[in-house]
Amino acid sequence: MGFKCGIVGLPNVGKSTLFNALTATASAEAANYPFCTIEPNVGRVGVPDKRLQDLAQVAKSAKIIPTQLEFVDIAGLVRGASQGEGLGNQFLGHIREVDAIIHVVRCFEDTDITHVEGTIDPLRDIEIIETELMLADLESLEKRIPALDKKIRTKDPIAIAQLPLMERALELLKQGKPASLMQCTPEEREELKRLQLITTKPILYVCNVAEDQAATGNAFTEIVRERGHPLAIISAAIEAEVSSLDSEEEKHEFLQSLGLNETGLARVIQEGYGLLNLLTFFTIGPKEARAWTVSKGAKAPQAAGEIHTDFERGFICAETISSEDYITCQGEAGAKSTGKLRLEGRDYVVQDGDVFHFRFNV
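Just so it is clear, the model here is predicted, and its values are computed rather than measured. (Residues numbered from 1 in each chain as written. Predicted model: local features only at pLDDT ≥ 70, side-chain atom pairs only at ≥ 80, totals over all residues. Heavy atoms only, no water.)

Asker: Let's hear about the pattern of salt bridges: which residues, and what values?
Answerer: Applying the stated criterion to the full structure yields 21 salt bridges. A salt bridge links Lys15 to Asp73; the shortest N-O distance between them is 3.0 Å. Here Asp73 lies in strand 5 (residues 68–73) and Lys15 lies in helix 1 (residues 15–28), a separation of 58 residues in the sequence. Accessibility classification places Lys15 together with Asp73 in one group, the buried group. Taking the shortest distance from any N to any O, the salt bridge between Asp49 and Arg51 comes out at 2.8 Å. Looking at Asp49, the relative accessible area reads 15%, which means it is buried. Look at Arg51 and you get partly exposed, because its relative accessible area is 21%. (Salt bridge = Lys/Arg side-chain N within 4 Å of Asp/Glu carboxyl O. Helix = DSSP H or I, 4+ residues; strand = E, 2+ residues; numbered from the N terminus. Buried < 20%, exposed > 50% of the residue type's maximum accessible area, 1.4 Å probe, protein only.)

Asker: Break down the nonpolar core for me, with residues and values.
Answerer: Of all hydrophobic cores here, the largest spans 56 residues; its most connected members are Leu69 and Phe71. Setting aside residues up to four positions removed in sequence, Leu69 forms contacts with Phe3, Cys5, Gly43, Arg44, Val45, Val47, Ile269, Gly272, Tyr273, Leu276 and Leu278. Membership of the second largest hydrophobic core comes to 18 residues, among which are Ile145, Leu148, Ala159 and Met182. (Core = buried A, V, L, I, M, F, W, Y, C linked by side-chain atoms within 4.5 Å. Contact = heavy atoms within 4.5 Å.)

Asker: Describe the side chain of Lys251, listing the residues and the values that go with them.
Answerer: One can find Lys251 in helix 9 (residues 248–257). Taking the relative accessible area as the measure of exposure, Lys251 reaches 7% and is therefore buried. Setting aside residues up to four positions removed in sequence, Lys251 forms contacts with Val242 and Leu245.

Asker: Explain the packing of aromatic side chains to me, and be specific about the residues and the numbers.
Answerer: Following the criterion strictly, the structure yields seven aromatic pairs and no others. Through successive ring pairs, a cluster of aromatic residues spans Phe281, Trp292, Phe315, Tyr348, Phe356 and Phe358. Sitting over the face of the ring of Trp292, Arg290 holds its NZ or CZ atom 4.2 Å from the ring centroid. (Phe/Tyr/Trp six-rings, centres within 6.5 Å; stacked < 30°, edge-to-face > 60°. Lys NZ or Arg CZ within 6 Å of the ring centre and 35° of its normal.)

Asker: Tell me what's going on with the packing of helix 4 (residues 122–153) against helix 5 (residues 157–174), and back it up with residues and numbers.
Answerer: Their axes nearest at 9 Å, the elements helix 4 and helix 5 cross at an angle of 145°. For the element pair helix 4 and helix 5, the recorded crossing hand is left-handed. Here Met134, Asp137, Leu138, Leu141, Glu142, Arg144, Ile145, Leu148, Asp149, Lys151 and Ile152 of helix 4 lie close against helix 5, whose contacting residues are Ala159, Ile160, Gln162, Leu163, Met166, Glu167, Ala169, Leu170, Leu173 and Lys174. By residue class, the composition of the contact of helix 4 with helix 5 is 13 nonpolar, one polar and seven charged. (Axes fitted to C-alpha atoms, helices over the stretch in contact; angles between N-to-C directions. Left-handed = near helix turned anticlockwise from the far one by under 90°. Nonpolar A, V, L, I, M, F, W, Y, C, P; charged D, E, K, R; others polar.)

Asker: Before we move on, can you summarise the pairing of strand 3 (residues 42–46) with the specific residues and values?
Answerer: Of all five residues making up strand 3, four are buried, and the element is well covered by its neighbours. Across five bridges, strand 3 lies against strand 5 in antiparallel orientation. Looking at the pairing, Arg44 lines up with Glu70 of strand 5. (Pairing = 2+ DSSP bridges.)

Asker: Tell me about the pairing of strand 8 (residues 231–234), and please be specific about residues and values.
Answerer: The alternating pattern of strand 8 places Leu231 and Ile233 and Ala232 and Ile234 on opposite faces, both of which are buried. In the sheet, strand 7 (residues 203–208) pairs with strand 8 via four bridges, with the strands oriented parallel. When the sheet's bridge partners are listed, Cys207 is paired in strand 8 with Ile233. Following the chain from strand 7 across helix 7 (residues 219–225) to the adjacent parallel strand 8, one finds a crossover that is right-handed. (Right-handed = clockwise from strand over helix to strand, strands pointing away.)

Shown next, in the form of structure tokens:
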């Protein structure tokens, strides 16, 4: 199950520094956290999860494999991108393919680093990018609606489902509002996703601050927080420094000296994971401890299908232990003897942290 987060921002906000630190960190942890560079601007990173380490320790697993997110460093966004300024068309093509948007906002003063707009103003910067996204969606819908009108006459079921949504989205965009503000039924929300409108994608603001403000934030970050979207505060300079250190001990000491308990990158990854409405389940054994991803609300057979399609096709039941019980009871045998192991059927809704052993017959 692949999930992509696109990293966007104006020039000189720290976007590429963040991405480079992210991929360098992942690369350094390749023994436990698989990482690959798909293209120069795309990288997969493991989602930090202490439960996985603890479960592996109990099971004495030889290998640890975390669940992953894909990050895309999307270049070329400047004022006028929707009309093709900069690398506008390339940018828009990439961003339509991601599941969520990580919007890096400059919240630091530095006379040595020029701001493309001349001054530091996070709200203005956010509005520039959001305006470009709305204009891109507006143009896209204005081109697509006439073609759907023709298909309606032939009673095309897809056109019948999508045209009313497109018209409602277009009306909102003309008012300067993102398509995400549309009131939709659950069924309409699923259909809306298929339209791949940029302004329906969930957003995480990442506020890039000076090193001495990474633990506390500043007046700029409070202004951004008022926008109401999920937010993470980082210092791209600190992340670059951490990614260059060799040992975990050095990294921990460096972070503690700055009043930090974890890297900003870890928070960005975790927030991105939450933004996509995902949860984690585990398969644990002596060969490997592995984390897997499903969407919230998924049922046990769907989780089984993430491992192998045969598991879903021939699903019988799922031996289930919560990760907390697995650790407390020191493994499957202890959980079984204390009545903490459950047999769950087809209708069981997966809970975050479930440890599964699937029974199936094909």
